[in-house]
Amino acid sequence: FQGGIKNLVDSRPPVKKLPPQYVLDLPLNPLCVGIADIPAIDLRRLDGPPACRASAVADIGAACADWGFFRIENHEVEWIVIEEMMKVVEGFFDLSVEEKMKYWSEDVMSPVRYGTSLNTPEKHGGLHWRDYLRHYGHPFHSSFHLWPPNPPAYRKVVKKYLKVVRTLAMKMLSAISESLGLERDYMEKSMGGEGIQIMAANYYPPCPESDKTLGLAGHSDHGALTILIDNGVDGLQVNRNDSWMLVPHVPRSFVVNVGDYIEILSNGKYRSVEHRATVNCERTRISVAAGHGPELCTIIGPAGPLVEMGDGLKFKPITYGEYVRFQQTTPVRGKSALE
């Protein structure tokens, strides 16, 4: 369904049975076993007295090592910025099929890309109940002119949102560097110049047989940190001790997760964690993930000081662009690319 899942759902007569292409060979226990009590970090503590900051840094480091996920509160991002962001993203998916198809591409490295199901250019196994818009953010000069001009406020609102989110990411990367015993700016410098920001907006319409498919299969992210918001509809699950657990929506907070790049740079001390998106029969779920990683030409590998004090090099060097392309095109989900 090249036009996307939303086009399929909006068709007449309504879809009452899941098309066979979307029926997935799910694990024996696809349902979540409970609520993921991911750590909550009060971001104001990072700006407090030295002892307060040190405590917050330790908590962030523990969250990266134990869960690979945490929630940030009191981040000082105005709520109106988040609301406007969700509104223009929904507005994009409400555009006509013809308008959205202008951005259709099977090139996983395309600077602006609309698609459906998974990122992989070839269909492997069942399809997934998702439409997406993916494009680069910071540094804006390289791709801003390629972003969709519709809805009319899209470019202005998204640029404003991605700017404030990147500021948050750099603040947290500083704390993560410090928690590893590195200089505060070590991780930011390791990303080469300005680094790269990639936004993925996901649209999961109501599904007639939601227990037979997924919105997005289990995977880890390729970057350093991903910052996530949604429209208040639950669906994010994390893999914890080989069981899937729900990460519930908490108003006015961001969900943050460690990506493969931090696992590589930390030489395995911090781990990226598999997560997935489920769908439901009644409500549309919309999420926006902003990933932050190195410039594509950057050679990535474990931080030298951590290798020297640890037990040898656990990951071989590779350019980030090569890693992204491989991770985005492999038919095997999970953490197969990193492994």
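Residues numbered from 1 in each chain as written. Predicted model: local features only at pLDDT ≥ 70, side-chain atom pairs only at ≥ 80, totals over all residues. Heavy atoms only, no water.

(A) Representation of helix α2 (residues 50-66) in the model. With 17 residues, α2 should reach 24 Å at 1.5 Å per residue; the first-to-last C-alpha distance of 24 Å fits that figure. Listed as buried for α2 are Arg-53, Ala-56, Val-57, Ile-60, Gly-61, Ala-63 and Cys-64. Seen end-on, α2 carries its buried residues on one side only, within an arc spanning 160°. Against β1 (40-42), β2 (69-73), α5 (154-179) and β10 (254-258) lie the buried residues of α2. Directly after α2, the chain includes Gly-68, whose backbone phi takes a positive value near 75°. (Helix = DSSP H or I, 4+ residues; strand = E, 2+ residues; numbered from the N terminus. Expected span 1.5 Å × (residues − 1). Buried < 20%, exposed > 50% of the residue type's maximum accessible area, 1.4 Å probe, protein only. Arc of directions from axis to C-beta. Contact = heavy atoms within 4.5 Å.)

(B) Region of the structure containing the sheet that holds strand β3 (residues 112-116). Taken together, the eight strands give an open sheet; going across it, the order is β1-β2-β10-β7-β12-β5-β4-β3, and neighbouring strands pair in mixed fashion. Taken across any chain shown, the strands that pair with only one partner, and hence form the sheet edges, are β1 and β3. Going across the sheet, the axis of each strand differs from the next one's by a mean of 25°, ignoring polarity. Pairing analysis gives nine bridges linking strand β5 (residues 196-204) to strand β12 (residues 285-293), with the strands arranged antiparallel. Paired with Ile-196 across the two strands is Gly-293, which belongs to β12. Contacting β1, β2 and β10, α2 crosses the sheet at an angle of about 145° to β2. Contacting β3, β4 (131-136), β5, β7 (225-230), β10 and β12, helix α3 (residues 79-93) runs over the sheet at an angle of about 110° to β12. (Pairing = 2+ DSSP bridges. Axes fitted to C-alpha atoms, helices over the stretch in contact; angles between N-to-C directions.)

(C) Geometry of the side chain of Ser-287. Inspection of the secondary structure puts Ser-287 in strand β12. The exposure class assigned to Ser-287 is buried, which follows from its relative accessible area of 2%. When sequence neighbours within four positions are dropped, the list of residues in contact with Ser-287 reads Ala-200, Ala-201, Asn-202, Tyr-204, Leu-228, Ile-229 and Asp-230.

(D) Inspection of the packing of α3 against α5 at higher detail. One way to put it is that α3 packs onto α5 with a least axis distance of 9 Å and a crossing angle of 135°. The orientation of α3 with respect to α5, classified from their angle, is oblique. As for how α3 packs across α5, the hand of that crossing is left-handed. Counted together, Val-81, Ile-82, Glu-84, Met-85 and Val-88 of α3 and Tyr-154, Val-157, Val-158, Lys-160, Tyr-161 and Val-164 of α5 form the full contact between these two elements. (Parallel < 35°, antiparallel > 145°, perpendicular 65-115°, else oblique. Left-handed = near helix turned anticlockwise from the far one by under 90°.)

(E) Region of the structure containing the UniProt feature "domain: Fe2OG dioxygenase" (unreviewed entry) in the chain. UniProt's entry tags residues 195-294 with the feature "domain: Fe2OG dioxygenase" (unreviewed entry), counted in the numbering of this structure. Strand forms 45% of residues 195-294 and helix 6%; the C-alpha atoms that close the span are 4 Å apart. (UniProt positions renumbered as here; feature names shortened; annotations may be inferred.)

(F) Representation of the pairing of β10. Counted residue by residue, β10 has five buried out of five residues, so it is predominantly covered. On β10, burial covers both faces: Phe-254, Val-256 and Val-258 on one face and Val-255 and Asn-257 on the other are all buried. Judged from the four bridges that link them, β2 and β10 form a sheet pairing that is antiparallel. Looking at the pairing, Phe-69 lines up with Asn-257 of β10. The sheet contact formed by β7 and β10 spans four bridges and is antiparallel. Looking across to β10, one finds that Leu-225 is bridged to Val-258.

(G) Quick peek at the environment of Leu-313. Turning to its location among the elements, Leu-313 is positioned in the loop between α8 (304-309) and β14 (318-319). Taking the C-alpha atoms as reference points, Leu-313 and Ala-303, ten residues apart in sequence, are found 9.3 Å from one another. The contact partners of Leu-313, leaving out residues within four places of it in the chain, are Asn-267, Pro-302 and Val-307.

(H) Here's a closer look at the pattern of salt bridges. Scanning the entire structure with this criterion turns up 15 salt bridges. Here Lys-6 ties to Asp-10 by a salt bridge, and the two come within 2.8 Å at their closest N and O atoms. Of this pair, Lys-6 and Asp-10 both sit in helix α1 (residues 5-10), four residues apart, which is roughly one turn of that helix. Relative accessible area serves as the criterion here: at 11%, Lys-6 is assigned to the buried category. What makes Asp-10 partly exposed here is its relative accessible area of 43%. Between Arg-45 and Asp-59 there is a salt bridge, and its shortest N-O distance comes to 2.9 Å. A residue pair is termed long-range when its members are at least 10 positions apart, and Arg-45 in the loop between β1 and α2 and Asp-59 in helix α2 qualify at 14 residues. According to the relative accessible area criterion, Asp-59 is partly exposed, its value standing at 34%. (Salt bridge = Lys/Arg side-chain N within 4 Å of Asp/Glu carboxyl O.)

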